[in-house]
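Take a look at the letters that make up each chain.
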Amino acid sequence: MAEAVLVTGGAGYIGSHACKALKAAGYLPVTCDDLTTGWADAVKFGPFEQGALENRAWLDAVFARWQPVAVMHFAALSDVGQSVRDPGLYWRRNIAGAANLLDAMSVAGCRHLVFSSTCAVYGEQDGVLLDETSPRRPINAYGASKAAIEDMIGNFSAACGIEAVIFRYFNVAGADPEAEIGEFHRPETHLVPLVLDAISGRRPALTIFGTDYDTPDGTCIRDYVHVADLIEAHISGLDWLRAGRGNAVFNLGSGRGYSVREVIEAAEKVTGETVPVIEGSRRPGDCTRLVSGSRKAEDELGWRPRRLLEEMIADAWRWHQRGAYRR
Ligand code: UDP
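None of these values were measured; they are calculated from a predicted model. (Residues numbered from 1 in each chain as written. Predicted model: local features only at pLDDT ≥ 70, side-chain atom pairs only at ≥ 80, totals over all residues. Heavy atoms only, no water.)

**Q** Even after reading the chapter, I still don't get the pairing of strand S5 (residues 112–118), so can you show me in this structure?
**A** Side-chain direction in a regular strand flips from residue to residue, so the side chains alternate between the two faces of the sheet. Taken across its seven residues, S5 has seven buried, putting it largely inside the fold. Going residue by residue along S5, you find His112, Val114, Ser116 and Thr118 tucked away on one face and Leu113, Phe115 and Ser117 tucked away on the opposite face as well. Examined bridge by bridge, strand S4 (residues 70–73) and S5 share three bridges and lie parallel to one another. Bridge pairing in S5 links Val71 to Leu113. (Buried < 20%, exposed > 50% of the residue type's maximum accessible area, 1.4 Å probe, protein only. Helix = DSSP H or I, 4+ residues; strand = E, 2+ residues; numbered from the N terminus. Pairing = 2+ DSSP bridges.)

**Q** How should the sheet that holds strand S12 (residues 258–259) be read in this particular structure?
**A** As a general point, the strands of a sheet are linked pairwise by backbone hydrogen bonds and lie either parallel or antiparallel. Across the sheet, which stays open at both edges, the three strands sit in the order S12-S9-S14 with mixed pairing between neighbours. Each edge of the sheet is formed by a strand with only one pairing partner; in this case those strands are S12 and strand S14 (289–290). By the bridge criterion, two bridges tie strand S9 (residues 221–222) to S14 in an arrangement that is parallel. Opposite Ile221, over in S14, you have Arg289 as the bridge partner.

**Q** Could you clarify how one ought to interpret the pattern of salt bridges in this entry?
**A** Side-chain pairs of opposite charge can arise whenever the charged atoms involved come near each other. Applying the stated criterion to the full structure yields 25 salt bridges. One salt bridge connects Glu178 with Lys20, and the closest N-O pair in it is separated by 2.5 Å. You can see Glu178 sitting in the loop between strand S7 (171–173) and helix H6 (191–200) and its partner Lys20 sitting in helix H1 (residues 13–24), a full 158 residues away along the chain. Taking relative accessible area as the criterion, Lys20 reaches 17% and is therefore assigned buried. The residue Glu232 makes a salt bridge to Arg306 at a minimum N-O spacing of 2.7 Å. Here Glu232 is found in helix H7 (residues 227–242), whereas its partner Arg306 is found in the loop between helix H9 (296–301) and helix H10 (309–321), with 74 residues between them in sequence. Residue Glu232 is classed as partly exposed on the basis of its relative accessible area of 30%. On the accessibility criterion, Arg306 (54% relative accessible area) is exposed. The network of salt bridges with common partners includes Lys20, Asp176, Glu178 and Glu180. (Salt bridge = Lys/Arg side-chain N within 4 Å of Asp/Glu carboxyl O.)

**Q** Which parts of the structure should I look at to understand the packing of H6 against helix H8 (residues 260–271)?
**A** In a pair of packed helices, the angle between the axes and the distance between the axes together describe the arrangement. As a packed pair, H6 and H8 sit with axes 10 Å apart at the nearest point and diverge in direction by 50 degrees. Considering the angle they form, H6 stands oblique to H8. Judged by the sense of rotation from one axis to the other, the crossing of H6 with H8 is right-handed. Contact residues: H6 offers Leu191, Val192, Val195, Leu196 and Ile199, while H8 offers Val260, Val263, Ile264, Ala267 and Thr271. Looking at side-chain class alone, the contact of H6 with H8 contains nine nonpolar, one polar and no charged residues. (Axes fitted to C-alpha atoms, helices over the stretch in contact; angles between N-to-C directions. Parallel < 35°, antiparallel > 145°, perpendicular 65-115°, else oblique. Left-handed = near helix turned anticlockwise from the far one by under 90°. Contact = heavy atoms within 4.5 Å. Nonpolar A, V, L, I, M, F, W, Y, C, P; charged D, E, K, R; others polar.)

Structure follows, in structure tokens:
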């Protein structure tokens, strides 16, 4: 019997890709998801335990049933705009869920955690490249809740011996290269799927959120990482923990920033179509520039993103064209 790994949020975009990779690596990925933002039909690679992390009794029963060797924790609300409008929701759900999960892990004697954090913990840093030692100054409740969970993990590590690899993601994009799974949110807020929606006519246009930023073309700059590359890092993170290498924090970014306009141009090149665009106002909570300036994941974990922006868009486009959004 394969060793189980609990994947919270395994019915979501990144979590479902983790399940696929875990299965390929010989593990049994057990999805824990309440389907608030996930999709039952994305659970294809192992068993499904439906429930909310706030439900401690359910969580304890799940740990007892599967006796996982590790947890990958993806389940969280992650819409920056929503977190600005409704911060309490983010503090309640993301924080309470993580606290219950860590409690349940320590009671069950499950010591290894791979945690999905975000570059949003860094906030605005005056255009510098961000590395793991950059100060954390989140400017929205989403980033603040993830920073708080990082600290919470530190407390549990000291108290209960839990060891964690914390990954601070930059902007994740793309889809499974085999198009079995991909990105789908309702409502969709992320740039790449919205650009593809505008191309395919599912939306009338893509609104650029702000053209007056202090960047070469006036639009925000982000560092995009292919979801398949990102997940390879998670498998390496699990290996890292199981080899006894202990707590670590890694940025997962490429070190290359693309503006919103550059993403649009790349999508036009990949698809051969034109993106109808509206120049809109800034979206509250958005930082001007978030780009990783770290080689730590490469130097210590042996991870380097291999797929460039055009490949992310091509894979996302293939998934989009399969009509997977017709849920
Ligand atoms: N963006 C945009 N129009 C949209 C959605 C996003 O201009 O309809 C911009 C957004 O302001 C940010 C970038 O695209 O600069 C990436 O946004 P996304 O929501 O994908 O990820 P985030 O950086 O917020 O995690």
